[in-house]
Amino acid sequence: MIEASERALMEETVRKAIEDACATPDGNTAVDAVLAQLGWLDMLDAEPRDAVDIVFSALGNANASATVLDDVVASAIGTAPRPDLAVLLPRFAAWEPPGSIEGDQLRARGLATARTATAREMLVVCGSGTGLWVAIVPIADAEIDAVRGIDPDAGLRAVRVQGSAVVAKQLETSAWQAAVALGRRAVAHQIAGACRAMLALARTHALERLQFGRPIAQFQAVRHRLADTLVALEGLEATLIAAGDEPNPDTAALAKAAAGRAVRTVTAHCQQVLAGTGFTTEHPFHRFLKRALVLEGLFGSADDIAVDLGRQLLAARAVPNLIEL
Amino acid sequence: MAFSKQSMSDSPHLADYRAELHAWLDAHRDELAPVFAAPGTLDEHVAQMQRVKAILFEAGWMQYGWPERVGGRGGSPMLRTELGAAIAGRDLVDPGIFSLVEVLAPTVIDFAPPELAAEMVPRLLSGAEMWCQGFSEPGAGSDLASLNCRAVPDGDASTASNWVIKGQKVWTSLAQYSERCVLLTRTGPADSRHRGITAFFVDMDTPGITVAPLEMINGDRELTEVFFDDVVVPADRMLGKLNGGWAVAMSILPYERSSCFWQRIAYLYRRLQRLVDVAPNDERAAEVIGNAFVQLHALRARSRATQHRLDAGATLGPETSIDKVLLSTAEQTTYDAVRRLLPGVVEMDDSATAELWRSEYLYSRAATIYGGTAEVQRNIIARRLLDLGSAE
C-alpha cells in the first residue's frame, strides 16, 4: 500500500480528472482516456489495492462509467490487461463463468463494458466437465448488443460468443474466484462512491429546502433518514477496508453484499428526502439511482450473495471470524 | 509472557498474544468452565464472572493493557479487548456484566486521586469486588443532563470534608452485588444541566443507601433502583473536579464503544454459531443466516477500524454512534434469526436451551435502548457527523 499522504493526493487527482472528463462532450470515452493518461494500467500492476479503491470510488462518486472493470478482471485471472482486450463479465445477478465448452465448441453469454466497441479481442472464461478454461477470442466471434435498460449511460452490452474452443487454456478455479472477488470489490467501491454522492445531494437539499418556514433538515424524521444513510454507508466502507486488508473471496463477497444492502437503504432514504425535486430529471439524483440498481446486480446481488454465504455456513456448520484486530 | 512493551500497531505481536491467550484458555478449559447448568441464574453468572476474573488475575492475564500505576502490566488496551472477546466468545462470562470493568475502571484511573485508583482498581480486576454505575434517574434517561440526585457540601464547597447525597437512581445494573458506585450528582443549580454535575466514588455499604432490584422483561433482576437518603461521602471520593462530572460521564464513551463492543461482537458471533449448529439446512435458513452474517461482518469491520484508530492515538467521539447503531441493529437481527429459524423455541419451549435463547432474545430488545437510545444516536449523527444544524 502507498503512504496516506500520497494516497490522498492520488485520490484528489483521480477525482478531479474524472469529473473534468465527465463534463466534456465525450463523457465516458473521455474518462477512459484520462485514466489511461494517469497511468491506470501501471497503477493496477504496481498497487492493485489502491488503484481499484481510488478509481472505482471516484467513478461511483462522479456517476461515470468506464471500461476499467475489464482490466481488473483480466489481471485477477492472470492475463495482462490491455486497452484492446475486452472481458466477458458474468450475466446480470450472477457470478458463474459466462462460457461453456462442449467438444471443440465454445459458447458464452454475459455482459461486457463499452470496450467491446474498440477492442480487438475478448477474454472469455468457460466451464466444462473438466474444470475451467480461459480463451481469448477475436471480437468478431461476439454478437454484441447495447443494453438500454434502466441506465443506457452505464454503457453495458449483452454479448453472445460462439467460436472455437481450440484456443482455450486450462484455468485454476481459484483464478476465477479471484476475478469475482476483485470484481466485487471494484463494484462495491463504485457503489460506495455513488452512495457518498447521493448522501451529499440529499444533505444539501435538506439544508436548502424550506417548508413550514424552515429547512427540512430541522425535522427529526428527515434527520434520522440521513443518519441511517450514513450508518449504512460507513458500514459498507468498513467492509471494503476489511476486504483490502484481508483479501479473499469471502471478505469480497461480504463487501459486495454489504454494498447491495447499503445501496437500498441509501437510495430509499435519499430519494424520500429529495422528494419531488429528486423525482424529476432536472436533479442529478435519478442518474445515481439508476446506476446503483445496475451495479447492485454485477457479480451478484446482496440477496443472492447472502444466500450463498448462508449455505456455506450451514454446510460447514461454522461461522468464521474472517478478520481479527 | 511479556506482551507489554511493544506497540500494538505491530499486528503480528497482537496475533502472538491472541494465540498464546487462546492456548492458555484451552489448557485451563475445565477450571474456567461454568459450574452451573445453562441458562443459569443471575447469581450464578455473577459468581462465575468473579471466579473467572480471579483465575485470570492470578495467572496475570487480567492485568494486560492496564497501567502499571494501578497494578496493571501496561501495554495497549487492545490486549484487554482481546481478553474480553476471548472469554465472551467462549461463553465463560456474560459480556453484558463483564463489560462494567471496561466502563468503570478507566473512569477511576483517569479521575480518582492516584492512591485511591491504585488501591481500588486491582480489587475490581481480581474479582474481589464489583462496581456499578449510578447515572440514570426516573426523570433523566436519554436526557442525562437533567439529573437531580443532589450532593450538598457540609460547609463551603471548596473546603468541605464531606458531601451529603440525597436522591434516586434507576436502571442501575448489578447494584445489589456492588461494593462501589460511580455516581453522578447535581451540585450546581437545578437548571445547570451538564455544567452542574459532579461525580463521586461511593462505597455501597454507606448508611442511607437502599438497593431495590427490578425484574426485567426476561425475569432477571440485573437492574435496580438505588435510593440515597442523606448518604455521607468524603470529599476525597470526588472523581474529577467539582461540577466536572459531565466530563467524567463522557470519558466512558471511548471504552464502552471500543473494547466493550468488540467483546459483544465476539459473543454475537458465538450466538450465530449456536444457531448455525442447529438450524435446518435449507434455503430459508441460508437466507436468514446469510443476512445476519453480512450485518455482523459489517459491524465487526467497523469496530475493528475504531479500535485501530483508538490504538493509534485518536480521540473517539460522535462517530462511534455509528458503531452503536450497527451493533444494536445486528444484535436484534441475530436474535430475530433465532426466532425465525427455530419456531417455538423462544415462545413455547421449556428446555434449558430454549430458556437461554428466550432470555437472550428478550434482553436483545434493549440493545436499541441502553447506552444511548437508537434515536439519540441518530440525533448525534445528524447534528455532529452530518452537520445538519439544530433540530426544530
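Our subject is the structure that appears above.
Read on for an overview of the structure. Here the structure is a predicted model, which is why all the values come from computation and not from measurement.

A short note on the overall build of chain B
Item 1. Scanning chain B from N- to C-terminus turns up 13 helices and eight strands.
Item 2. On C-alpha atoms alone, chain B measures out to a radius of gyration of 21 Å, which is about the 21 Å that the 2.2 N^0.38 rule sets for 392 residues.
Item 3. Taken over the C-alpha atoms alone, chain B extends approximately 70 × 50 × 45 Å along its principal axes.
Item 4. Counting the 392 residues in chain B, one finds 55% classified as buried.
Item 5. Summarising the internal contacts of chain B: among those between residues at least 6 apart in sequence, 70% fall at separations of at least 24.
Item 6. Side chains of chain B give 38 positive and 51 negative charges; the mean places of these two sets differ by 4 Å.

Notes on the interface of chain B and chain A
Item 1. At the junction of the two partners, chain B supplies 51 residues and chain A supplies 42 residues.
Item 2. In this assembly, chain B packs against chain A so that about 4,400 Å² is buried in total across both faces, 64% of it on carbon and sulfur atoms.
Item 3. Applying the counting rule to chain B against chain A returns six salt bridges.
Item 4. Residue Glu283(B) pairs with Arg311(A) through a salt bridge whose shortest N-O separation is 2.7 Å.
Item 5. At the junction of chain B with chain A, the criterion picks out 19 residue pairs in polar contact (both at pLDDT 80 or more).
Item 6. At the level of secondary structure, the elements contributing two or more residues to the side of chain B that touches chain A comprise helix 1 (11-27), helix 4 (78-89), helix 9 (259-278), helix 10 (283-311), helix 11 (320-341) and helix 13 (374-385) of chain B.

Some details on empty space enclosed by the protein
Residues and elements named next belong to chain B.
Item 1. Scanning the entire structure with this criterion turns up three cavities of 30 Å³ or more.
Item 2. As a volume, the largest cavity reaches approximately 60 Å³.
Item 3. Residue lining of the largest cavity: Met-62, Trp-66, Arg-80, Leu-83, Gly-84, Phe-98, Val-101, Glu-102 and Gln-263, and that is the complete set.
Item 4. Looking at the lining of the largest cavity, the elements that each hand over two or more residues are helix 4 and helix 5 (95-111).
Item 5. Of the residues belonging to the lining of the largest cavity, the class tally is five nonpolar, two polar and two charged.
Item 6. By volume, the second largest cavity is sized at about 50 Å³.
Item 7. Forming the boundary of the second largest cavity are Met-49, Lys-53, Ile-97, Phe-98, Leu-100, Val-101, Leu-124, Met-130, Trp-131 and Leu-174.
Item 8. Elements supplying a minimum of two residues to the lining of the second largest cavity: helix 3 (42-59) and helix 5.
Item 9. Of the residues forming the lining of the second largest cavity, the biggest block, four residues, is contributed by helix 5.
Item 10. Of the residues contributing to the lining of the second largest cavity, the split by class is nine nonpolar, no polar and one charged.

Description of the packing of helix 11 of chain B against helix 12 (residues 352-364) of chain B
Residue and element names in this part refer to chain B.
Item 1. Look at helix 11 against helix 12: their axes get within 9 Å of each other, and the N-to-C directions meet at 145°. Our pair here, helix 11 against helix 12, has a crossing hand that is left-handed. Each of Glu-331, Gln-332, Tyr-335, Asp-336, Val-338 and Arg-339 in helix 11 lies in contact with helix 12, whose residues at this interface are Trp-357, Glu-360, Tyr-361 and Ser-364.
Item 2. Residues that form the contact of helix 11 with helix 12 fall into these classes: four nonpolar, two polar and four charged.

Re helix 5 of chain B
Item 1. In a regular helix each residue adds 1.5 Å, so 17 residues correspond to 24 Å; helix 5 of chain B covers 25 Å between its end C-alpha atoms and thus fits that length.
Item 2. Of all 17 residues making up helix 5 of chain B, 14 are buried, and the element is well covered by its neighbours.

Considering the pattern of salt bridges
Item 1. According to the stated counting rule, one finds 47 salt bridges over all chains in the structure shown.
Item 2. The shortest N-O distance in the salt bridge between Arg302(B) and Glu234(A) comes to 2.8 Å. Of the two residues, Arg302(B) sits in helix 10 while Glu234(A) sits in helix 7 (residues 220-245), which places them in two different chains.
Item 3. Judged by relative accessible area, Arg302(B) falls into the buried class, the value being 9%.
Item 4. Three or more residues are tied together by salt bridges with common partners; here these are Arg7(A), Glu11(A), Arg49(A), Asp50(A), Asp53(A), Asp245(A) and Arg304(B).

Quick notes on the environment of Glu12(A)
Residue and element names in this part refer to chain A.
Item 1. For Glu-12, the location among the structural elements is in helix 1 (residues 4-22).
Item 2. In the structure, Glu-12 is positioned 300 residues away from Gln-312 in sequence and 40 Å away in space, judged by C-alpha atoms.
Item 3. Of the polar contacts made by the side chain of Glu-12, one reaches the side chain of Arg-15; its length is 2.8 Å.

What counts and what doesn't
- Residues numbered from 1 in each chain as written.
- Chains lettered and ligands numbered in written order.
- Predicted model: local features only at pLDDT ≥ 70, side-chain atom pairs only at ≥ 80, totals over all residues.
- Heavy atoms only, no water.
- Helix = DSSP H or I, 4+ residues; strand = E, 2+ residues; numbered from the N terminus.
- Rg over C-alpha atoms; globule rule 2.2 N^0.38 Å.
- Buried < 20%, exposed > 50% of the residue type's maximum accessible area, 1.4 Å probe, protein only.
- Contact = heavy atoms within 4.5 Å.
- Lys, Arg positive; Asp, Glu negative; His and termini not counted.
- Charge placed at Lys NZ, Arg CZ, Asp CG, Glu CD.
- Buried area = accessible area lost by both parts, 1.4 Å probe.
- Salt bridge = Lys/Arg side-chain N within 4 Å of Asp/Glu carboxyl O.
- Polar contact = N/O pair within 3.5 Å; in protein donor to acceptor, adjacent residues only side chain to side chain.
- 1 Å grid on protein atoms, 1.4 Å probe; cavity = no way out; pocket = protein on both sides within 12 Å on 5 of 7 lines; lining within 4 Å.
- Points joined across faces, edges and corners; volume = space filled by probe spheres on them.
- Nonpolar A, V, L, I, M, F, W, Y, C, P; charged D, E, K, R; others polar.
- Axes fitted to C-alpha atoms, helices over the stretch in contact; angles between N-to-C directions.
- Left-handed = near helix turned anticlockwise from the far one by under 90°.
- Expected span 1.5 Å × (residues − 1).

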